[in-house]
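If you want the building blocks of each chain, they are given just below.
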Amino acid sequence: MRYYALRERRDVERSKWTGSFYFDRQWGLPGVKCPTCKETWAAIGSDYPTVDLSSLPEKRELERAQCVPWEQFVELRQRVLPLVPPGAIVEPGTGFGALTGRAKGKFPPVVIHMPWILLIQPALVARLNGLTGTIPVPTRFKARPEVAGLLELEVRPGGSIWGADAGEPCRTCGHEYSDLPLPPFGEMRLNEIPTVDFARICRTIVVVSERVVERLGRELEESEIVTVDVTGGALAQNPHV
């Protein structure tokens, strides 16, 4: 099965879609200052909108952006870990809960943002039946009803990409060191094929299978989104996927 990254078309002079939003995640682990590598950092793209932290006594502390010492981060992470799904990557900056904020304008059927956040219109949820690797989660935007109904697709880690793990991670905090940027979409190739239809192959890149493209092809075109084949030689190594 072939896999595709999604990106907005660049040849659109004037889009008919005027939607915009300002949002945040309900909760998030703080950034950290590592005592070993001395880096101060927080990851982006590691988000789990299905995870509800409202039962934790520390929920207020997880509602504000902050940077904490490593020991304090470890304590907070230990409180969160029993609530996250199996296989989740939980690191500094990991976000939890629905997107909250304000939205306005006219949104397409499929929305790509930053580009690791995927949202869809409610009418498309039924089209995802039978596809694996994603869970639609209602957003909590303050907006007109037709905008407030947008759903975010939670996509969990799966597969991998050449060059995404080129750095040597810190033995304490896991921060990776690499001077190599990710390859552009046109040159991106999978190292390991995912086993599901939606997969986050690194923090900031989501890929979808050919089955997703077949089902949502018309909506992707209408949304001014193009698909970029990233399968590469990984398919030859895993011909039965």
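Scroll up a little and you will see the structure.
Residues numbered from 1 in each chain as written. Predicted model: local features only at pLDDT ≥ 70, side-chain atom pairs only at ≥ 80, totals over all residues. Heavy atoms only, no water.

(A) Quick look at the sheet that holds strand 6 (residues 67–69). Here we have three strands laid out as an open sheet, ordered 4-3-6, and mixed in their pairing. Single-partner strands in this sheet number two, and they are strand 4 (40–41) and strand 6. As paired elements, strand 3 (residues 31–33) and strand 6 share three bridges and run parallel to each other. When the sheet's bridge partners are listed, Val32 is paired in strand 6 with Val68. (Pairing = 2+ DSSP bridges. Helix = DSSP H or I, 4+ residues; strand = E, 2+ residues; numbered from the N terminus.)

(B) Representation of the sheet that holds strand 12 (residues 151–155) within the structure. An order of 8-9-12-10 is seen for the four strands of this open sheet, with the pairing classed as antiparallel. The two strands at the open ends of the sheet, each matched to only one other strand, are strand 8 (110–113) and strand 10 (134–138). Here the average twist between neighbouring strands, direction ignored, is 30 degrees. Sheet topology note: the strand 10/strand 12 ladder contains five bridges and is antiparallel. Across the sheet, Pro136 pairs through a bridge with Leu153, a residue of strand 12. (Axes fitted to C-alpha atoms, helices over the stretch in contact; angles between N-to-C directions.)

(C) Just empty space enclosed by the protein, in detail. For the structure shown, the criterion picks out three cavities of 30 Å³ or more. Its boundaries defined by the atoms lining it, the largest cavity holds a volume of some 70 Å³. Taken together, Leu6, Val110, Leu118, Ile120, Leu128, Leu153, Phe198, Val208, Val212, Leu216 and Leu220 make up the lining of the largest cavity. Tallied by class, the residues present in the lining of the largest cavity amount to 11 nonpolar, no polar and no charged. (1 Å grid on protein atoms, 1.4 Å probe; cavity = no way out; pocket = protein on both sides within 12 Å on 5 of 7 lines; lining within 4 Å. Points joined across faces, edges and corners; volume = space filled by probe spheres on them. Nonpolar A, V, L, I, M, F, W, Y, C, P; charged D, E, K, R; others polar.)

(D) Quick look at the pattern of salt bridges. Counted by the stated rule, this structure contains 11 salt bridges. Among the salt bridges present, the one from Arg218 reaches Glu219, with a minimum N-O distance of 3.7 Å. A relative accessible area of 65% places Arg218 in the exposed class. The class for Glu219 is buried, based on a relative accessible area of 6%. Within the structure, one salt-bridge network assembled from shared partners comprises Arg25, Asp47 and Glu152. (Salt bridge = Lys/Arg side-chain N within 4 Å of Asp/Glu carboxyl O. Buried < 20%, exposed > 50% of the residue type's maximum accessible area, 1.4 Å probe, protein only.)

(E) Expanded view of the layout of surface pockets. Estimates place the volume of the second largest pocket at around 470 Å³. Taken together, the elements giving at least two residues each to the lining of the second largest pocket come down to strand 2 (20–28) and strand 7 (95–104). With six residues, the single largest contributor to the lining of the second largest pocket is strand 2. Of the residues belonging to the lining of the second largest pocket, the class tally is 13 nonpolar, nine polar and five charged.

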